[in-house]
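What the coordinates show
Here is what each chain is made of, one letter per residue.
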Amino acid sequence: MKILTLNYEFPPVGGGASPVSYQLCKHLAALGHHVDVVTMRYGDSPAFECVDGINIYRTPALRKRPDICRTHEMASYLIGAVLKTLRLARKNKYDVIHCHFIIPTGPLAWLISKLTKIPFVITCHGTDVPGHNPDRFTAMHKMILPLWRKLVRQTPLLISPSESLARLIKTHVPQSNIAIVPNGINTDQFTPAPKQQSILMCSRILPHKGFQYAFEAIKQLNTNWQVNLIGDGPYLPQLKQTAQQLDLPVKFWGWLDKNDPQFKKLYETSSIFIFTSEAENFPTVLLEAMSADLAIITSTAGGCPEVVADAALLVEPRNVNSLRQQLKKLIDSQDLRIQLSSAAQKRVQDFSWPNIAQKYIYYYQQLIKK
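Anyway, here's the lowdown on the structure attached to this text. (Residues numbered from 1 in each chain as written. Predicted model: local features only at pLDDT ≥ 70, side-chain atom pairs only at ≥ 80, totals over all residues. Heavy atoms only, no water.)

**Observations concerning the pairing of strand β11 (residues 250–254)**
Judged from the 4 bridges that link them, strand β10 (residues 226–230) and β11 form a sheet pairing that is parallel. Residue pairing across strands places V227 opposite V250, the latter belonging to β11. A crossover links β10 with its parallel partner β11, the connecting element being helix α7 (residues 236–245), and its sense is right-handed. (Pairing = 2+ DSSP bridges. Helix = DSSP H or I, 4+ residues; strand = E, 2+ residues; numbered from the N terminus. Right-handed = clockwise from strand over helix to strand, strands pointing away.)

The following block contains the structure:
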C-alpha cells in the first residue's frame, strides 16, 4: 500500500501529535508499506531525508519555535506544501492520504484528494476541534467554524483517539463519520530503573494543563520529594512565578526531545506522575508514564480516563484538595505506588504501536474499497 501522510508537525518539531504521526509511519513502513510524509521545514532540518523507511519531505514555512506553532505559521505550511504534495500524489498514485489535524492540514488533504481522486482520512488531535482547548485558537475556531463544519462533512473518515473527542465533534457535525483508534506507544522505550522520591510532570505549558494546582497541592503537603517539570510554552513564566511565590523548589527542564537521555532518565527514575489537565484528547504523556512504570494521578477530563482506566488515581480538574489527598496516599504508600505502576504496565500493552498500526491499516482498506 502507498500512503501519503500530511502533518505540519513532524519530528524534530511539534507536540504530542508529532511523535504519534512519526511512530505510525515508522510501523507502517516496517510492515512493508510505502510511506511518504510532507511536513514543514524548521531551522536547518533537511528538505528531504529517509528515516526508518519513511520518505520525509519538508517544505518552506515560517515556524520560529519547535514546540509552538502560531496560526500564520500553520498557514505558511499550506502555501509551501501544496505544489510539492500535488506533484508527489500525481507521481506516486497513493492508495490513501492520511492527514493529521482537521485544521490546518485538512484543507490540503481535501484539495489533493479532489484533484487526484485519492481517498483521504483525517486523524483529529484536539486542538483542531472547536471547544476542546480553552487556551488556544478559540478566536480562530469561531471565525472558521462554518468552513470547519463543511470540511468535516466532506471528510470520508475521521479518526479520533478518544470517545470524548468524538462526542465533541458530533456536537458540531452530528452526521460525521468517526472511528476510534487510540494513540500508540513503544512499550519498550524505557528501561526499568530504581525509583527515587521524585514527582514528574510533562506537557506544553499552558494554563489549562493545571500545573499551578499541582504546585499548590504539593506545597500543602510540605514534602521533601523532588519536583521535576518537562515542557515549554507561553504559560511558563507565570508558572515559574507561582513556584517562586509558593517557595516550591521545582526543577524546570524546559523542552526536551524524547530521545534526550535526560528525558528518559526523568521518566525512568521518577515515582509519581501528575497530569491533571482540564481538556485532553488522548494524551501521549500518560502512555509514556504508564510505560515508564510510574504511579499516576490524572484528571477526569476528556480522554484521560480512557487512557488509564483503573491504572491511575483520578481527580477533578482544578481541585487542589482532592489532588493533595490523592498525592498524599501515593507518597505515604509504596505498596499503592507499586500496585498502580503494575496496573499501568499491563494497561499500556493494549496501546503498542504494532496493534495500533494494524487498526489503521484496517480503516485504510475500508476507505479504499468504497
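On we go from here.
**Looking at helix α11 (residues 320–332)**
Between its first and last C-alpha, α11 extends 18 Å over 13 residues, near the 18 Å set by a 1.5 Å rise per residue. Where the residues of α11 are buried, they touch β9 (198–202), α6 (211–221), β12 (272–275), β13 (295–299), β14 (313–315) and α12 (334–348). Measuring from the side-chain oxygen of the N-cap residue of α11 to the backbone nitrogen of N321 gives 3.4 Å; that N-cap residue is N319. (Expected span 1.5 Å × (residues − 1). Contact = heavy atoms within 4.5 Å. Polar contact = N/O pair within 3.5 Å; in protein donor to acceptor, adjacent residues only side chain to side chain.)

**So, the packing of aromatic side chains**
In this description, an aromatic ring pair is defined by two values, namely the gap between the centres and the angle between the planes. Applying the stated criterion to the full structure yields 10 aromatic pairs. On the basis of an interplanar angle of 40° and a centroid distance of 4.9 Å, the ring pair of F263 and Y267 is categorised as tilted. Here F263 pairs with Y267, and both are found in helix α8 (residues 261–269), just 4 residues apart, close to one helical turn. Each of the two residues, F263 as well as Y267, counts as buried. Looking at K240, its charged tip hangs above the ring of F252, at a distance of 5.8 Å from the centre. (Phe/Tyr/Trp six-rings, centres within 6.5 Å; stacked < 30°, edge-to-face > 60°. Buried < 20%, exposed > 50% of the residue type's maximum accessible area, 1.4 Å probe, protein only. Lys NZ or Arg CZ within 6 Å of the ring centre and 35° of its normal.)

**Thoughts on the sheet that holds strand β5 (residues 96–100)**
Taking strand neighbours across the sheet as the criterion, the 8 strands line up as β3-β4-β2-β1-β5-β6-β7-β8 in an open arrangement whose pairing is mixed. The sheet terminates laterally at β3 (48–51) and β8 (178–180), the two strands that pair on one side only. Averaged over all neighbouring strand pairs, the angle between strand axes comes to 25°, with direction disregarded. Strand direction decides the pairing type here: strand β2 (residues 34–40) and strand β4 (residues 54–59), joined by 6 bridges, are parallel. Its bridge partner being in β4, V35 is matched across the sheet by I54. (Axes fitted to C-alpha atoms, helices over the stretch in contact; angles between N-to-C directions.)

**Regarding unusual backbone geometry**
Of the consecutive residues P11 and P12, the connecting peptide bond is found in the cis state with omega at 20°. Note on placement: P12 falls in the loop between β1 (2–6) and α1 (17–30). The residue after I103, namely P104, is reached through a cis peptide bond having omega 15°. You can see P104 is positioned in the loop between β5 and α3 (106–116). For D293, which is not glycine, the phi torsion reads 70° and is therefore positive. As for its placement among the helices and strands, D293 is situated in the loop between α9 (284–291) and β13. The phi torsion at R318 lies on the positive side, around 70°, for a residue other than glycine. Relative to the assigned elements, R318 resides in the loop between β14 and α11. A relative accessible area of 53% places R318 in the exposed class.

**Things to note about the pattern of salt bridges**
Under the counting rule described, the total for this entry stands at 10 salt bridges. A salt bridge links E288 to K258; its shortest N-O distance comes to 2.7 Å. In this pair, E288 is assigned in helix α9 and K258 in the loop between β11 and α8, connecting sequence segments 30 residues apart. Exposure remark for E288: the relative accessible area of 2% places this residue in the buried category. One network of salt bridges, with partners in common, ties together E9, R63 and R204. (Salt bridge = Lys/Arg side-chain N within 4 Å of Asp/Glu carboxyl O.)

**Remarks on the packing of α1 against helix α13 (residues 353–369)**
It is at 9 Å that the axes of α1 and α13 come closest, and there the two elements cross at 80°. Judged by the angle between their axes, α1 and α13 are roughly perpendicular. Only W353, P354, A357, Y360, I361 and Y364 of α13 make contact with α1, whose side of the interface consists of V20, Q23, L24, H27 and L28. Residues of the contact of α1 with α13, tallied by class, amount to 9 nonpolar, 2 polar and no charged. (Parallel < 35°, antiparallel > 145°, perpendicular 65-115°, else oblique. Nonpolar A, V, L, I, M, F, W, Y, C, P; charged D, E, K, R; others polar.)

**A few points about the side chain of R58**
When you line up the elements, R58 lands in strand β4. A distance of 3.2 Å separates a polar atom in the side chain of R58 from the backbone oxygen of P46. A polar atom in the side chain of R58 sits 2.8 Å from the side chain of E49. Beyond its immediate sequence surroundings of up to four residues, R58 is in contact with P11, P12, T39, M40, R41, S45, P46, A47 and E49.

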